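Structural characterization, general
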Amino acid sequence: MGNPQRGQVVIAPDKFKGSLTAVEVAAHVAAGLRRVRPDLPLVAMPVADGGDGTVDAAVACGFARLRTTVTGPTGEQVIASYAIRDDTAVIELAEASGLRRLPGGEPAPLTASSHGTGELIDAAIRGGARRIVLGLGGSACTDGGSGMAAALGVRLLDADGEPLPPGGAALRSLASIDTAGLAERLRGVTVIVASDVDSPLLGPEGAAAVFGPQKGASPGQVRILENGLSRLETIARRDLGAFAAKRPGAGAAGGVGFGAMVFLNATVRPGISYLLDLLGFADQVAGARLVITGEGSLDRQSLRGKAPIGVARAAAKAAVPAVAVSGRRALTGEQLRKARLQSAYALTDIEPDPERCMAEAGPLLERLAEEIGRKWLVEPAPMGGAA
């Protein structure tokens, strides 16, 4: 990304889901700004909170991308990538076990597995990684991380001593867990889960109840998945002495958060703040003139630790104003100020038709960036501007 310059503008957006990647958002914002201030130093630093786009964000900030063939959520072979720099690997569950990997987009809530995510972790370790940053989000599975664990040598066995088939439904038959094949593989390896989900594993706020329907589970299937996760928790507590089901983040990615804690001894960190530290955001924002962040929908969900709010708070620590771009904006001026955003600009401000906003997001975003450039970069803008 180059060395930081005094007075530069840092462009640090998340993706506009269904429309533009974070890298594309940053490029369009930069194009609009250059029309107003072609001389201004710009730094594109696309970000993510641990979900879709996390590997892309790491690559944009200097990590190398490596690709490997792994098992997709329903058993098919897929080519997935991870990012690595020195001995740190960034792995995105959605790359191997995400909804976007379902053949034809057909949900498989009872049988989808996180096995490919475990294969990605294994590939990174074999490649020399000693710190694994695991981004959780966009998963197709509700298997409690059992597939991931199996790929790393854990044996999940039924009453006959046979390995369980993949998926969350099969966990109802879990009788024992054997982790003898895991310790040597993970020797000297630290795992950090980066996630903005604080749900527990079980119950009405847990992995099956909250996220199962998003993965195509009917009410009856949600009950099956809940029973499977409950059985996993019971046997993990008995065989491994694991008491992680109520820890924040255990329910992330269909319970893969729980699996990472129990099997990989993972530490859970808030996705965006950890990733900003990892990607060196503080160095880039020091002495900057403005930070521009954003995501597709700036709403109440954004306030629960999503990327733009994390970016704005980090910018505020450096006394640098932050503004946001989005497809739509559903926050009040007071909410924006509390989130440390000085202002927010939405595509719907200049194009009221949501379908056109999706189809023409790039050019519209450049127009918003021109407006930001005229307001914030032609004359110095103090902190505390109007929302």
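The structure this text deals with has already been given above.
Here's a quick rundown of the structure.

Approximately 1,200 Å³ is the volume found for the largest pocket. Along the wall of the largest pocket there are 41 residues; nearest its centre are Lys17, Asp49, Asp196, Gln301 and Lys306. Contributing elements (two or more residues each) for the lining of the largest pocket: α6 (207–211), α8 (252–264), β11 (290–298), β12 (322–329), α13 (347–350) and α14 (354–359). A breakdown of the residues in the lining of the largest pocket according to their chemical character gives 13 nonpolar, 14 polar and 14 charged. A volume near 440 Å³ is recorded for the second largest pocket.

As judged from the 8 bridges shared by strand β3 (residues 64–71) and strand β4 (residues 77–85), these two strands associate in the antiparallel manner. Along β4, the bridge assignment pairs valine 70 with valine 78. Between β3 and β4, which pair antiparallel and follow one another directly, the connecting turn spans 5 residues, one of which, glycine 75, has a positive phi of 100°.

Right, let's get into the pairing of strand β5 (residues 88–92). Side-chain positions along a regular strand alternate between the two faces of the sheet. With 5 of its 5 residues buried, β5 lies for the most part within the structure. Side chains of β5 alternate between two faces, with Thr88, Val90 and Glu92 and Ala89 and Ile91 buried alike. Looking at chain direction, β4 and β5 are connected through 3 bridges and run antiparallel. Of the residues in β5, the one forming a bridge with isoleucine 84 is alanine 89. Turn length for the β4-β5 hairpin, with the two strands adjacent in sequence and antiparallel, is 2 residues, and the turn residue aspartate 86 shows positive phi of about 55°. In this structure, β5 lies alongside strand β6 (residues 131–135), joined through 5 bridges in parallel fashion. Note that in β6 the partner of alanine 89 across the bridge is isoleucine 132.

Time to look at the sheet that holds strand β1 (residues 9–11). Strand order in the open sheet made by the 5 strands is β2-β1-β11-β12-β13, with parallel pairing throughout. On the outer flanks of this sheet lie β2 (42–44) and β13 (343–346), each paired with one strand and no other. Pairs of neighbouring strands in the sheet enclose a mean axial angle of 25°, with direction left out of account. Judged from the 4 bridges that link them, β12 and β13 form a sheet pairing that is parallel. Its bridge partner lying in β13, alanine 324 is registered against alanine 344. Across the sheet, helix α11 (residues 307–317) touches β11 and β12, and the angle it forms with β11 is around 160°. Sitting on the sheet, helix α15 (residues 361–377) is in contact with β1, β11, β12 and β13, with an inclination near 155° to β13.

Now for the side chain of aspartate 14. Counting through the fold element by element, aspartate 14 comes out in the loop between β1 and α1 (22–36). We classify aspartate 14 as buried; its relative accessible area is 3%. The contacts of aspartate 14, once residues within four sequence positions are left out, are Ala22, Val25, Val47, Ala48, Asp49, Gly294, Glu295 and Ala307.

This part covers the nonpolar core. Considering soluble globular proteins, one finds that nonpolar side chains tend to be buried as a cluster. In this structure, Ile121, Ile132, Ile177, Phe258, Phe263 and Leu264 are the most contacted members of the largest nonpolar core, which totals 62 residues. Ranked by the residues each element gives to this core, the list is headed by α8, at 9 residues. Not counting chain neighbours up to four residues away, the residues in contact with isoleucine 121 comprise Ile91, Ile132, Leu134, Met148, Leu152 and Leu264. Grouped together as the second largest cluster of nonpolar side chains are 39 residues, Val10, Ile192, Leu279 and Ala324 included.

Moving on to the pattern of salt bridges. All told, the structure shown has 23 salt bridges when counted by the stated rule. The partner of arginine 100 in a salt bridge is glutamate 92, and the shortest N-O contact between them spans 3.5 Å. A salt bridge links lysine 306 to aspartate 196, with the nearest nitrogen and oxygen atoms 3.3 Å apart. Pair noted here: lysine 306 is in the loop between β11 and α11 and aspartate 196 is in the loop between β9 (190–195) and α6, with a separation of 110 residues, a long-range link. The exposure class of lysine 306 is partly exposed, given its relative accessible area of 25%. A relative accessible area of 21% means that aspartate 196 is categorised as partly exposed. Each member of the salt-bridge network shares a partner with another, and the members are Asp52, Glu92, Glu95, Arg100 and Arg101.

Our focus in this paragraph is the packing of α1 against α15. Direction vectors running N to C along α1 and α15 enclose 50°, while the axes themselves pass 7 Å from each other. By the angle class used here, α1 and α15 are oblique. The element α1 and its partner α15 pack so that their crossing is right-handed. Within the contact between the two elements, α1 uses Val25, His28, Val29, Ala31, Gly32, Leu33, Arg35 and Val36 and α15 uses Gly362, Leu365, Glu366, Ala369, Glu370, Ile372, Gly373, Arg374 and Leu377. A class-by-class count of the residues in the contact of α1 with α15 yields 9 nonpolar, 4 polar and 4 charged.

Glancing now at α11. With 8 of its 11 residues buried, α11 lies for the most part within the structure. Listed as buried for α11 are Ala307, Pro308, Ile309, Gly310, Val311, Ala312, Ala315 and Ala316. As for α11, its buried residues are in contact with α9 (271–279), α10 (281–285), β11 and β12. Directly beyond the C-terminal end of α11, a positive phi value near 60° is found at alanine 319.

Scoring rules and cut-offs
- Residues numbered from 1 in each chain as written.
- Predicted model: local features only at pLDDT ≥ 70, side-chain atom pairs only at ≥ 80, totals over all residues.
- Heavy atoms only, no water.
- 1 Å grid on protein atoms, 1.4 Å probe; cavity = no way out; pocket = protein on both sides within 12 Å on 5 of 7 lines; lining within 4 Å.
- Points joined across faces, edges and corners; volume = space filled by probe spheres on them.
- Helix = DSSP H or I, 4+ residues; strand = E, 2+ residues; numbered from the N terminus.
- Nonpolar A, V, L, I, M, F, W, Y, C, P; charged D, E, K, R; others polar.
- Pairing = 2+ DSSP bridges.
- Buried < 20%, exposed > 50% of the residue type's maximum accessible area, 1.4 Å probe, protein only.
- Axes fitted to C-alpha atoms, helices over the stretch in contact; angles between N-to-C directions.
- Contact = heavy atoms within 4.5 Å.
- Core = buried A, V, L, I, M, F, W, Y, C linked by side-chain atoms within 4.5 Å.
- Salt bridge = Lys/Arg side-chain N within 4 Å of Asp/Glu carboxyl O.
- Parallel < 35°, antiparallel > 145°, perpendicular 65-115°, else oblique.
- Left-handed = near helix turned anticlockwise from the far one by under 90°.

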